[in-house]
Amino acid sequence: MQAVATNTAPWKPTHLPGRYLVTLLALGVLAALHLNLGMTHWPLDRWSLRPPPAGTFDALEFGLSVLPRLTMALLVGAALGLSGSVLQRMTQNRLASPMTLGAASGAWLGLTATAVLAPALAATHGHWAALGGALGAVGLALLIAGRNGSAGLPVILAGMALNLLLGAIATAILLVHNQHSRGLFIWGAGDLGQIDWHWVQWLWPKLLVGLVLIALAPRPLTLLQLGGAGARARGLSLWPVMLALFLACLWLTSVAITAVGLIGFIGLITPNLARLCGARTARDELLYSALLGALLLLGADAVTLVLNRWFSELIPSGAAAALIGAPALLWLSRRQLGAEDRQSLALPPGAERLDRRRLAWLLLAGTTVALLGLLLARGPQGWTFGWPSELLWSLRWPRLLAAVAAGCGLAVAGMMLQRLLRNPLASPDILGLTAGATLAVVAAVMLFGAGQMQLIAPIAAFGGSLLVLGLLLVFGRRHRYSPGIMVLVGVSLAALLNTALQIGLTRGQGDALALLGWLAGSTYRVEAGEAIVLSVAVVLLVGISLAFHRALTLVSIGDGVALSRGLDVGRARLALLLLVSLLCAVVTSLLGPVAFLGLLAPHMAALLGARRVVPQLLLAALLGGWLMLVSDWLGRSLLYPLEIPVGLVASILCGLYFLYLLIRHRVA
Amino acid sequence: MKILLALFSLLAILFGAPSFGAPARADEAPRIAALSWEPIEHLLMLGLEPVAVADADDYRAWVVRPTLPESAVEVGTRTEPNLELLAQLDLDLIVITPLLEDLRDKLERIAPVVSYGDFTQERDNYAMQRENYLALAERVGRLDRARATLAAMDARLGELRDRLHAHFGESLPAVTVVRFSTPTAVLVYGPNSMPRHALELLGLESAYDTPVSRWGNLQLPVTVLSEIDRGVVVHIEPFPGGERLFDSRLWQGMPFVRAGRFAGMRSTWTHGGVFCVLFLAEAITEALLEIPPTAVQAAGGSDSTEPAQ
């Protein structure tokens, strides 16, 4: 890989640049390595370039398992690299890829839903459900981002939001039907293992579209670089061409996903790497991305095979791809993200002011709903209305208190982040603070086992979210806290988290399910003491945030204004970010991740008319707590006696509302 | 005679004869909640119907034996049972595993709690479940019945062993139990798993050694099964989409498949209490009896076409 990276000969149309030769050579060496690693009976010290003698099982394995696997890695890698490249050229967005646009979680949800609703169908035709899910998710992401948003951060943010929402829904389905099908999880984690040529034969004709793409796409893609108007001036009918290219890309990705399961990152990293190696023209980039994609996936799969032997346990290929891919993505973005990208998604504007009358009504309605939630409950004999008995109340109040405190904390954290980064889509979950905390907990559980979870989780969560904050600060300082880099960290971490979770799910039974419960944001195990500590911590941190309200107002107007008013912007920003990550850490360590609440509560406050810092902060906190109270009640009542974790209910509730807001704004 | 009687009562329970052996359910019958599947199995074998159980539907779908009566109240999942519902059921006893140990404070406000160990690699899981069963029996005052059912189980195991010897002769084949996840991935049950304990109790050796793991099984690529060139492989049904694998040339080329030393066993739970080992042993024996003795005797010879690794 190093050799490839250093060879950056300029592209001349007359002959292939040297990097193609180097890459092909590397591909050859890697292929030999891959073939040797794939043979079950060949020890690592017995290398051979000759196929095994005919008539033995080794020969069968070589011809029917190892060779198809190699072919599959090459085909899928090339397809993912190529489609990523076209997608990035088309949207002129370095971060575009099927994964970042929500395709992966769409596919996962499609398959999960089918597996639960129609298990027989899922075993045979589940892949088509995945394809439908992927198409739907990407379509939604593009719809939300709109025509102008597809080139920048908005579409990535929309994809990220969809990833969170669809992931939450899939988790809910799995939690409700927790006797799972293991095959589903293996597919979810991406497994390149083959037992015959069936899938290769299924896949390769469908990838011929790729050749057409390489032949025909470069001209329109080059014209697109001139911008929409320029391209039209050169006689390009923009929309049909864009649509055709887009469908071709999704087709390539979907059939690849169908054949081997979810393999992230290849489509995202490959085109970036290709450009880094010197691919400049559209044709060069497409061709080289296909080649490089094949090389990357083959490398990742070779690592998978080594890990398989090392752990003498099946490690999914997608896991290795993500383990390599996530850090590579961060490294790439550190080098490449220069230009400011301050565009963002827009939400519908709300009321201008919050008057007393409206506030009074809001408070009245909110209190009524909260009271109803306390009085109305389901019991063994059906619905009951009345104050819960002492025993029931002693079981219920800690979880209610914890949920409300967490809601307040997340809402305030989200509101401060949105102001700090001047990005209406910033929130702990989208920026990866929650994912970092969660990832640390998942890693700790995998290392030490679920038995110690109560003990380790808070420490790990705190460490994790501080680590992410550190990363954000290091990257952020260089790029002036550009939302792009922040979101990238979030995307990378969320993907890593997803991978870790998938590995855990393919491996474990009890541990994984316990983890799944925690990941869903549950208040179930909260003790009275913990709930009190959490509420005190949240109240304290919110109080400190209120004390910083002037700094927050100034920073959200702009650095220039803040400086001219005598604010030490750097230090204020650091202090506020630290406050945010503390809030996230205390909440996540107790509840696990809760998505969308921190994003939505501040917006709801603003929609209701609370536009200035102090009222918005207070109203957002109130709304956050209220939403969690309602979610807790829904979680307890919807599927009684089964309880849905409050965080999951809140995530889905807020996520759907958020989606509705975005789409309404787009359609209006 | 005593063993015969016990065996008969065991059979009666297995086939769901409603009142045989169990005392008439009077008011004094303790109201017990079982929040894991092993205690459900143990309580039912003791002739006690748990009032409340976790994941009842999944128990009926996956564990199946012994049959859980419809009257049991479902109280949510095994990881997060519904505490408020439990509090309203007027319970005398709650049986949990270490998975819920951190809820003990809350549960004890509802009713007395007893906890029995679950799967671990630090102890012999079969011996531990046997102890758990006896301890639970003592707690509910049914030690005699527990001893009788265990004696019946041991007798039944001896009978199964005899049937295997009658089929295969003096030396029994080595066996490995697996469950397929997908056509390319397989779970192999290894040391200290319940299927392995069932094999040991039947006097069968393991055909393939895997490292120790928390739950006793490991997920592996299907091709590693080719390392088994002498033993028998038994797979736990169902395996939806199994034809994809079984019809493939790669599968047909596996040494144990070519030699006809492969069979399916009916769906049986692998992580249950002490009697799950008996049910596994019965299913394994059934499957093995399908395999012609000649296939196994051939493996003992030297006509294997595979060079041993």
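Residues numbered from 1 in each chain as written. Chains lettered and ligands numbered in written order. Predicted model: local features only at pLDDT ≥ 70, side-chain atom pairs only at ≥ 80, totals over all residues. Heavy atoms only, no water.

> Where do I start with the overall build of chain B in this structure?
Check the secondary structure of chain B and you find 13 helices and 10 strands. Buried positions account for 59% of the 309 residues belonging to chain B. Restricting to contacts in chain B with at least 6 residues of sequence separation, those with at least 24 account for 63%. Approximately 12300 Å² of chain B is accessible, and the part contributed by carbon and sulfur atoms is 53%. (Helix = DSSP H or I, 4+ residues; strand = E, 2+ residues; numbered from the N terminus. Buried < 20%, exposed > 50% of the residue type's maximum accessible area, 1.4 Å probe, protein only. Contact = heavy atoms within 4.5 Å. Areas by Shrake-Rupley, 256 points an atom, 1.4 Å probe, with all protein chains shown as cover.)

> Can you help me understand unusual backbone geometry in this one?
Of all residues except glycine, most have a negative phi; of all peptide bonds, most are trans. At the junction of Arg65(B) and Pro66(B), the peptide bond is cis and its omega measures out at -10° in the coordinates. With an omega dihedral of 0°, the bond running from Glu237(B) to Pro238(B) counts as a cis peptide bond. Structurally, Pro238(B) can be placed in the loop between strand E9 (232–236) and helix H9 (242–246). Of note, Phe596(A) is a non-glycine position whose phi angle comes to about 70°, a positive value. Within the secondary structure, Phe596(A) is located in the loop between helix H25 (569–591) and helix H26 (597–607). Relative accessible area serves as the criterion here: at 1%, Phe596(A) is assigned to the buried category. A positive phi angle, close to 55°, is found at Asp55(B), a residue other than glycine. With respect to the helices and strands, the residue Asp55(B) is situated in the loop between strand E2 (52–53) and helix H3 (56–63).

> I tried to follow a nonpolar patch on the surface on my own but got confused; where do I start?
A surface patch of nonpolar side chains, amounting to about 310 Å² of accessible area, comprises Leu359(A), Leu362(A), Leu363(A) and Leu622(A). Position of Leu622(A) among the secondary structure elements: in helix H27 (residues 613–637). (Patch = residues over 30% accessible without salt bridge, like charges linked within 9 Å, V, L, I, M, F, W, Y side chains within 5 Å. Salt bridge = Lys/Arg side-chain N within 4 Å of Asp/Glu carboxyl O.)

> Sorry, what's going on with the domain arrangement of chain B here?
Accessible area lost upon the coming together of the parts is a frequently used measure of interface size. Residues and elements named next belong to chain B. On domain assignment, one finds that chain B holds domain 1 (2–118) and domain 2 (168–300). Domain 1 puts 11 residues into the contact, and the matching count from domain 2 is 12 residues. Of the roughly 1000 Å² buried between domain 1 and domain 2, counting both surfaces, carbon and sulfur atoms make up 62%. Between Arg 65 and Glu 282 there is a salt bridge, with the nearest N and O atoms lying 2.9 Å from each other. Taken together, the connections running from domain 1 to domain 2 amount to six residue pairs in polar contact (both at pLDDT 80 or more). (Domains from an automatic or database assignment. Buried area = accessible area lost by both parts, 1.4 Å probe. Polar contact = N/O pair within 3.5 Å; in protein donor to acceptor, adjacent residues only side chain to side chain.)

> Help me understand the pattern of salt bridges, please; the structure alone is not making it clear to me.
Two side chains that carry opposite charge are able to pair once their charged atoms sit near each other. Following the criterion strictly, the structure yields 22 salt bridges over all chains and no others. Where Arg525(A) meets Asp102(B), a salt bridge forms, and the shortest distance between an N and an O atom there is 2.8 Å. Separated into two different chains, Arg525(A) in the loop between helix H21 (510–519) and helix H22 (528–547) and Asp102(B) in the loop between strand E4 (93–96) and helix H5 (104–110) make up a pair that spans both. Residue Arg636(A) pairs with Asp632(A) through a salt bridge whose shortest N-O separation is 3.0 Å. Here Arg636(A) and its partner Asp632(A) are both found in helix H27, four residues apart, which amounts to about one turn of the helix. Taking relative accessible area as the criterion, Asp632(A) reaches 1% and is therefore assigned buried. One continuous salt-bridge network, built from bridges that share partners, spans Arg399(A), Asp632(A), Arg636(A) and Glu643(A).

> I tried to follow the sheet that holds strand E1 (residues 32–34) of chain B on my own but got confused; where do I start?
Strands in a sheet are paired, the pairing made by backbone hydrogen bonds, and the direction either parallel or antiparallel. Residue and element names in this part refer to chain B. Strand order across the open sheet formed by five strands is E3-E2-E1-E4-E5, with parallel pairing between neighbours. Since the sheet does not close on itself, it has two edges, and those belong to strand E3 (73–74) and strand E5 (113–115), each with one partner. In this sheet, E5 lies alongside E4 in parallel orientation, the contact comprising three bridges. Residue pairing across strands places Ile 94 opposite Val 113, the latter belonging to E5. (Pairing = 2+ DSSP bridges.)

> When you look at the environment of Trp393(A) in this model, what are you seeing that I'm missing?
Residue and element names in this part refer to chain A. Locating Trp 393 in the fold gives a position in helix H17 (residues 390–420). A C-alpha to C-alpha distance of 9.6 Å links Trp 393 and Leu 374, two positions 19 residues apart in sequence. Those residues in contact with Trp 393 that sit more than four places away from it in its chain are Leu 374, Trp 387, Pro 388, Pro 398 and Leu 400.

> I keep staring at helix H6 (residues 125–139) of chain B and nothing clicks. Help me out?
Since the α-helix turns once every 3.6 residues, residues separated by three or four places project in the same direction. Residue and element names in this part refer to chain B. For H6, which comprises 15 residues, the first-to-last C-alpha distance of 21 Å matches the rise-based estimate of 21 Å (1.5 Å per residue) to within 8%. Looking at H6, one finds that the buried residues are Asn 125, Tyr 126, Met 128, Gln 129, Asn 132, Tyr 133, Leu 136 and Ala 137. On its buried face, H6 sits against helix H2 (37–45), E4, helix H7 (143–168), helix H8 (194–201) and helix H12 (274–289). The N-terminus of H6 is capped by Asp 124, whose side-chain oxygen sits 2.9 Å from the backbone nitrogen of Tyr 126. Gly 141, located one to two residues past H6, shows a positive phi value of around 70°. (Expected span 1.5 Å × (residues − 1).)

> Hey, could you run me through the packing of H6(B) against H8(B) in this one?
How two helices sit against one another is set out by the angle between their axes and by the gap between those axes. Residues and elements named next belong to chain B. Contact pair H6 / H8: the axes reach a minimum separation of 9 Å and the direction vectors enclose 95°. With respect to H8, the element H6 is oriented roughly perpendicular. Facing Asn 125, Tyr 126 and Gln 129 of H6, the residues of H8 in contact are Met 194, His 197 and Leu 201. Taken together, the residues of the contact of H6 with H8 break down into three nonpolar, three polar and no charged. (Axes fitted to C-alpha atoms, helices over the stretch in contact; angles between N-to-C directions. Parallel < 35°, antiparallel > 145°, perpendicular 65-115°, else oblique. Nonpolar A, V, L, I, M, F, W, Y, C, P; charged D, E, K, R; others polar.)

> Would you explain the interface of chain A and chain B in this entry?
Contacts between the two partners involve 49 residues from chain A and, on the opposite side, 57 residues from chain B. Summing both partners gives a buried area of about 5000 Å² for chain A against chain B, and 55% of it is carried by carbon and sulfur. On inspection of chain A and its partner chain B, the count reaches three salt bridges. The interface formed by chain A and chain B holds 12 residue pairs in polar contact (both at pLDDT 80 or more) in total. Secondary structure elements with two or more residues in the side of chain A that touches chain B: helix H3 (57–91), helix H7 (182–189), helix H8 (198–206), H17 and H21 of chain A. Taken together, the residues of the side of chain A that touches chain B sort by class into 18 nonpolar, 20 polar and 11 charged.

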